[in-house]
Amino acid sequence: MREIDPDFLALPLRRLADAALTRARELGAEHASFRLERVRAETLRLFDARLEGSIDADDLGFAVRVVKDGTWGFAAGIELTPEAAAAVAEQAVTVAQVSAPINREPVELAPEGVYADVTWVSAYDIDPFDVPLREKVDLLGDWSRGLLGQVDHVSASLMQVKEQKFYADSAGTITTQQRVRVHPSITVMKSDGERFDDMRTLAPPVGRGYEYLTGTGWDFPAELATLPELLAEKLAAPSVESGRYDLVVHPSNLWLTIHESIGHATELDRALGYEAAYAGTSFATFDQLGELTYGSKIMNVTGDRTAEHGLATVGWDDEGVQAQSFDIVRDGTLTGYQLDRRMALLKGLGRSNGCAFADSPGHPPLQRMANVSLRPAEGGPSTEELIAGVDNGIYVLGDKSWSIDMQRYNFQFTGQRFYRISGGKLAGQLRDVAYQATTTDFWRSMDAVGGPHTYVLGGAFNCGKGQPGQVAPVSHGCPSARFRNVRILNTVQEGGK
Amino acid sequence: MTPQETVERALALPGADQRVVIVDEGSTANLRFAGNTLTTNGVTRSARLTVISIAGSGVGVVSRAAVRPDQLADVVAAADAAARDAEPAEDARPLVAEGSDADWDDPVRRTSIEVFSGFAPALGECFATAEASGRRLYGFAEHQVDSVFVGSSTGLRRRHDQPTGRLELNAKSPDMTRSAWAGVATRDFADVDVTALDETLAQRLDWAKRRIDLPAGRYETILPPGAVSDLMIYLYWSAGARDAADGRTVFAKPGGGTRVGEELSTLPVRLFSDPARAGVECLDFAVAHASGREQSVFDNGLALTETDWIRDGRLTNLVQTRHSAELTGLATTPQIDNLIMESATGGGTLEEMIAGTDRGLLVTCLWYIREVDPQTLLLTGLTRDGVYLVENGEVVGEVNNFRFNESPVDLLNRMTEVGTSIRTLPREWNDYFTRSIMPPIRVPDFNMSTVSQAN
């Protein structure tokens, strides 16, 4: 188990927290929290094996959030001195006072235990920021050069993030945490003179270190070796005939459908209308908790902030709530929501399930997504067995385009690869494919989920929500799964061609 | 340490052959509300130092937040070391040498929660009116001031202070089945009339009391300026010269090269950017914290001037750096932070276009816009917060929402009417892009691909 970097611990964390929380108490805040964060991110991009650009950037600062006379107040600062921390606490109280006349709903928080000075570090072996930039560029360059000549162009990127958070609140909780995530991605491109197309690696972003690029958790050389031939086949593939088909969806595509149609739809703040003007609301309204038939009986979905290597995995959330695992859909029925402390109390749900997150020291915590995952069937079928059960269908791999409406009903997704299934066997790639459905129709049409050996943890670094906009990393695990009679569009025809 | 002192000290340290130093200072204030009550709020400050070191033609970039004076040398040394270790950069060009601003030494400009001192009470009154009238108001108000200081070893000293404000206001019926939206961009909130916006939304909620269900299909559709801006911004973001030359976008010519010079619309429309355009003034020199497909750190400080992307319906320029301009043989035309679309022949207002419609749809805004096919720039997305049926020149009721599949490039070719351009706020992209002037347009056959049940 790694330890939190000494240079982060050397910052005046406790002195600043004490100054801010003391000042907030003096000014009459009912509740106050202090959060100091350093988020370091390095991104490098290569095109045709040449470095196109790289940047090593960090964000360092702190925030004070108070509840004063039942109204939130939030302020953020950048000068790491006790005087500045106290001044920012005063600003937060002022913001609460200025805002009070337009607040008609007093803020109260669900109770949570006190965690006095606890620490947590995510599971990784090699800190990517300990690896020289040149070594990373050389690795991506070698991968790219191995593909050039077989394809027209190769684009390669590597995103790496190290997030360090110190949190203290007026109840006495103090947490110090550090986590690392990486996302390598390679895209190959080819043209036949008339059309062009591309194909991206299916390797998901993960909560691991640099070891992910060198053989732990993914075999990049093996996947890269397949891309040129797969892209050539895609470019020469027939255009899909629009209509209704049975689908077998690989986890590399299904994670995003879960994210959009289950993950966001079961955020309680959305369901209650707090995101109505921006991200939207949810068809899964609170009055349907325990009643809504979300999907077929084999659909079981959990939320967790505990999965090893999960992108939303933490020890404690940004309101000092310990990470948990909880049910969202059980046997096809909606049974739970993702919560923060205010939402939990507002609806009498007891304790928060720990989904508060802020993406930077300059933003307040919002209810953000846990790792929301579809459970595999114990002893369930392989992907090949799922395909064998389809007479006329399509097998979908990899995510690409996505869009869903503001109540999470109507969605449309494309992918990296689509294969025709005929008589239970794969019959070559198709192109110009999109699948479109209503959330509950889609999940109710799921007639088989794969076994644990088909389960993959997918995800993204950049889930957006809130105003001001925030991005959050999140993982979604799922097995391969089969869906019946889904609408397939031909995207060229949709474009009027 | 002021931003100007930071720039001078970083440039004066020994080490790399040349440096560009960028200091970004930001301040924000925001109010968020839902159901006629405040939900969140905040004030923030940020400060970032970016050091771009050049050794030979190798580049190293290190960017750090909240840098203290005693940390400055470490940041510069890290950038210098990265430059020495780097391969030669293919976009390497002589640094921009000319340019200084008379207000270089002025203090940083900032915003505060006080920017809402007039707006917040007016919003509170709107909450009371809405509550009494059976409406619920949701939305977000934000003001920010971003200052950027750019200095280089070649003597460049440029600064820009950019105020940006936006208000999104969304009214809903208590059962959430009727919804209407309006948004405005502002520099300082002094010109925001939230009461008038609320009255507009109240009228639209009244329109929605008559509900008309229509199936998916192709409809004559009026897109208002805000919806047009969302589509044209996506087109602009997809207009990189390098990607087009590499055959990766809708602006690639089959067989090689770009489509610059090709007619995209038979109507005399102009799509352009102009840093000096009144009401949407923006940064008038290039700022690049890292190199990429459409920006180069070597171009920092390059003057930005009025630039046509489409003129008289013809593709005129693509977004690019000095390096990509040499590769494509086209003019150097970096991205500019505003976008304007106008018709050379003028046009009617949105109200006049509604009055001139026998039967068609009036859309309020588009949402969750994503690319489906880069080859045609086919986009998908949803209508949101009000689709209205127009018959015999009048709105007769509200229609269900739809998912659309359309390409903005194809729409330029199919649109039959372009109205008067006005300052507008894009609904989908206003987190990133607020400065646009757009017209309403009429499309005879907009592709509403499927019905969305969302309200």
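Rules behind the numbers
- Residues numbered from 1 in each chain as written.
- Chains lettered and ligands numbered in written order.
- Predicted model: local features only at pLDDT ≥ 70, side-chain atom pairs only at ≥ 80, totals over all residues.
- Heavy atoms only, no water.
- Helix = DSSP H or I, 4+ residues; strand = E, 2+ residues; numbered from the N terminus.
- Rg over C-alpha atoms; globule rule 2.2 N^0.38 Å.
- Contact = heavy atoms within 4.5 Å.
- Areas by Shrake-Rupley, 256 points an atom, 1.4 Å probe, with all protein chains shown as cover.
- Buried < 20%, exposed > 50% of the residue type's maximum accessible area, 1.4 Å probe, protein only.
- Lys, Arg positive; Asp, Glu negative; His and termini not counted.
- Charge placed at Lys NZ, Arg CZ, Asp CG, Glu CD.
- Domains from an automatic or database assignment.
- Salt bridge = Lys/Arg side-chain N within 4 Å of Asp/Glu carboxyl O.
- Polar contact = N/O pair within 3.5 Å; in protein donor to acceptor, adjacent residues only side chain to side chain.
- Nonpolar A, V, L, I, M, F, W, Y, C, P; charged D, E, K, R; others polar.
- Buried area = accessible area lost by both parts, 1.4 Å probe.
- Pairing = 2+ DSSP bridges.
- Expected span 1.5 Å × (residues − 1).
- Bend = angle between axes of the 7 residues up to and from the residue.

## Points about the overall build of chain B
Phase 1: When its secondary structure is counted, chain B shows 9 helices and 20 strands.
Phase 2: Its C-alpha atoms give chain B a radius of gyration of 24 Å, within 12% of the compact-globule value 23 Å for 455 residues.
Phase 3: On the principal axes, the C-alpha backbone points of chain B span a range of 70 × 55 × 35 Å.
Phase 4: Long-range pairs, those at least 24 residues apart, make up 74% of the contacts in chain B between residues at least 6 apart in sequence.
Phase 5: Accessible surface, chain B as shown: approximately 15,400 Å² in total, 48% of it carbon and sulfur.

## A few points about the overall build of chain A
Phase 1: The helix and strand tally for chain A stands at 11 helices and 22 strands.
Phase 2: Summarising its shape, the C-alpha atoms of chain A cover approximately 70 × 55 × 45 Å along the three principal directions.
Phase 3: Per-residue burial for chain A yields a buried fraction of 67% across its 497 residues.
Phase 4: Long-range pairs, those at least 24 residues apart, make up 76% of the contacts in chain A between residues at least 6 apart in sequence.
Phase 5: A total accessible area of about 16,300 Å² is found for chain A, and carbon and sulfur atoms account for 49% of it.
Phase 6: Here chain A carries 48 positive and 66 negative side-chain charges, and the mean point of each set is 2 Å from the other.

## Some thoughts on the domain arrangement of chain B
Residues and elements named next belong to chain B.
Phase 1: We note that the domain assignment places domain 1 (3–206) and domain 2 (210–455) within chain B.
Phase 2: Taking the mean C-alpha position of each, domain 1 and domain 2 sit 24 Å from one another.
Phase 3: Tallying the contact residues gives 41 residues for domain 1 and 34 residues for domain 2.
Phase 4: For Arg 93, the salt bridge goes to Glu 326, with nearest N and O atoms at 2.8 Å.
Phase 5: In this assembly, domain 1 and domain 2 are joined by 19 residue pairs in polar contact (both at pLDDT 80 or more).
Phase 6: Elements represented by at least two residues in the side of domain 1 that touches domain 2 include exactly strand 1 (18–34), strand 2 (37–55), strand 3 (58–65), strand 4 (136–152), strand 5 (157–172) and strand 6 (179–186).
Phase 7: Taken together, the residues of the side of domain 1 that touches domain 2 sort by class into 21 nonpolar, 9 polar and 11 charged.

## Considerations on the interface of chain B and chain A
Phase 1: Between chain B and chain A, the contact holds 85 residues from the first and 77 residues from the second.
Phase 2: When chain B packs against chain A, close to 6,900 Å² is buried across both sides, 50% of that on carbon and sulfur atoms.
Phase 3: Among the residues chain B hides against chain A, the three largest losses belong to Arg 32, Tyr 368 and Gln 375 of chain B. Together they make up 9% of the total.
Phase 4: Summed over the shared surface of chain B and chain A, the result is 9 salt bridges.
Phase 5: Of the residues forming the side of chain B that touches chain A, the biggest block, 12 residues, is contributed by strand 2 of chain B.
Phase 6: Where strand 2 (residues 50–68) of chain A and strand 3 of chain B come together, 2 bridges link them in parallel fashion. Among the inter-strand pairings, Asp 56 of chain A is bridged to a residue of strand 3 of chain B, identified as Val 62 of chain B.

## Section: the pattern of salt bridges
Phase 1: For the coordinates displayed, the defined rule picks out 84 salt bridges over all chains.
Phase 2: Lys 162 of chain A is paired through a salt bridge with Asp 5 of chain A; the nearest N and O atoms lie 2.5 Å apart. In this pair, Lys 162 of chain A is assigned in strand 5 (residues 153–169) and Asp 5 of chain A in the segment before helix 1 (6–9), connecting sequence segments 157 residues apart.
Phase 3: Among the ionic pairs, Arg 370 of chain B bridges to Glu 428 of chain B, the shortest N-O distance being 3.1 Å. Separated by 58 residues along the polypeptide, Arg 370 of chain B in strand 13 (residues 359–373) and Glu 428 of chain B in the loop between strand 18 (422–424) and strand 19 (436–438) bring together distant segments of the chain.
Phase 4: Linked by salt bridges that have partners in common, Arg 50 and Glu 52 of chain A together with Glu 90, Arg 242, Asp 243, Asp 246, Arg 248 and Arg 293 of chain B make up one network.

## Looking at the sheet that holds strand 9 (residues 269–273) of chain B
Residues and elements named next belong to chain B.
Phase 1: The 6 strands are arranged 11-10-9-12-19-18 in an open sheet whose pairing can be described as mixed. In this open sheet, the two edge strands, each paired with only one partner strand, are strand 11 (314–315) and strand 18.
Phase 2: By the bridge criterion, 4 bridges tie strand 9 to strand 12 (residues 339–343) in an arrangement that is antiparallel. When the sheet's bridge partners are listed, Leu 271 is paired in strand 12 with Met 341.

## Thoughts on helix 5 (residues 220–236) of chain A
Residue and element names in this part refer to chain A.
Phase 1: Look at helix 5: 25 Å from first C-alpha to last across 17 residues, which is about the 24 Å you get at 1.5 Å a residue.
Phase 2: Along helix 5, the sharpest change in direction is near 35° and occurs at Leu 227; proline Pro 228 comes one to four residues later.
Phase 3: Burial in helix 5 covers these residues: Phe 220, Glu 223, Leu 224, Leu 227, Pro 228, Leu 230, Leu 231, Lys 234 and Leu 235.
Phase 4: Against the buried residues of helix 5 lie helix 4 (133–145), strand 6 (174–191), strand 7 (196–200), strand 15 (392–404), strand 16 (410–422) and strand 17 (425–430).
Phase 5: Sitting at the amino-terminal end of helix 5 is Asp 219, which places a side-chain oxygen 3.1 Å from the backbone nitrogen of Ala 222.

## Concerning the domain arrangement of chain A
Residues and elements named next belong to chain A.
Phase 1: What the domain assignment reports for chain A is domain 1 (6–236) and domain 2 (243–494).
Phase 2: Look at where the C-alpha atoms of domain 1 and domain 2 centre, and you get two points 22 Å apart.
Phase 3: Across the contact, 55 residues belong to domain 1 and 47 residues belong to domain 2.
Phase 4: Interface area, domain 1 with domain 2, both sides summed: about 4,400 Å², of which 54% is carbon and sulfur.
Phase 5: Contact with domain 2 buries area across many residues of domain 1, yet Glu 112, Arg 179 and Leu 202 alone supply 14% of it, more than any other trio.
Phase 6: Here domain 1 is connected to domain 2 by 6 salt bridges.
Phase 7: We note a salt bridge from Asp 198 to Lys 400, for which the minimum N-O separation is 2.9 Å.
Phase 8: Linking domain 1 with domain 2 are 25 residue pairs in polar contact (both at pLDDT 80 or more), by the criterion used here.

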